[in-house]
Amino acid sequence: MNGVLLALCDSTIPGKGAGYLEDSTLAWLDEALAAHAGPAFVAFHHPPLEVGIPLVDAIRQTGEDRLAEVLRRHPQVAAVLCADALTAW
């Protein structure tokens, strides 16, 4: 039986508050998920969509369509986890 994969991705942009997953990060994520048949969780700091909290929405991750494309290829992803310092306590 396969264990659980927790794929931690860096969504920071140096010098900026907003988030973005670089092409190399998405390629790594795609490869990691392709190599794992068991359940997987993908985690990063910046939410890839608006959450209804203005301070968090102002720094959300852009390029969410690119992330969604990768996730659609991997149905074993059980959840996408994200948190901002404002909401993670």
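Keep in mind that this is a model prediction, so the values were computed, not measured.

J.: Tell me about the sheet that holds strand E5 (residues 77–82), and please be specific about residues and values.
T.: Strand order in the open sheet formed by 3 strands is E1-E3-E5, and the pairing between neighbours is parallel. Two strands in the sheet have a free side with no partner beyond their single neighbour: strand E1 (5–8) and E5. Each neighbouring strand pair of the sheet contributes to a mean axis angle of 20 degrees, computed without reference to strand direction. Where strand E3 (residues 40–44) lies against E5, 5 bridges are found, and the strand directions are parallel. Bridging across to E5, phenylalanine 41 finds its partner in alanine 79.

J.: Residues and numbers for the pairing of E1, please.
T.: Side-chain alternation along E1 places Leu5 and Ala7 on a buried face and Leu6 and Leu8 on a face that remains uncovered. Both E1 and E3 contribute to a ladder of 4 bridges, which runs parallel. Along E3, the bridge assignment pairs alanine 7 with valine 42.

J.: Any chance you could break down the environment of glutamate 69 for me, citing the residues and the numbers?
T.: Inspection of the secondary structure puts glutamate 69 in helix H3 (residues 64–72). As for glutamate 69 and leucine 26, which are separated by 43 residues in sequence, their C-alpha atoms are 9.7 Å apart.

Parameters at a glance
Residues numbered from 1 in each chain as written. Predicted model: local features only at pLDDT ≥ 70, side-chain atom pairs only at ≥ 80, totals over all residues. Heavy atoms only, no water. Pairing = 2+ DSSP bridges. Helix = DSSP H or I, 4+ residues; strand = E, 2+ residues; numbered from the N terminus. Axes fitted to C-alpha atoms, helices over the stretch in contact; angles between N-to-C directions. Buried < 20%, exposed > 50% of the residue type's maximum accessible area, 1.4 Å probe, protein only.

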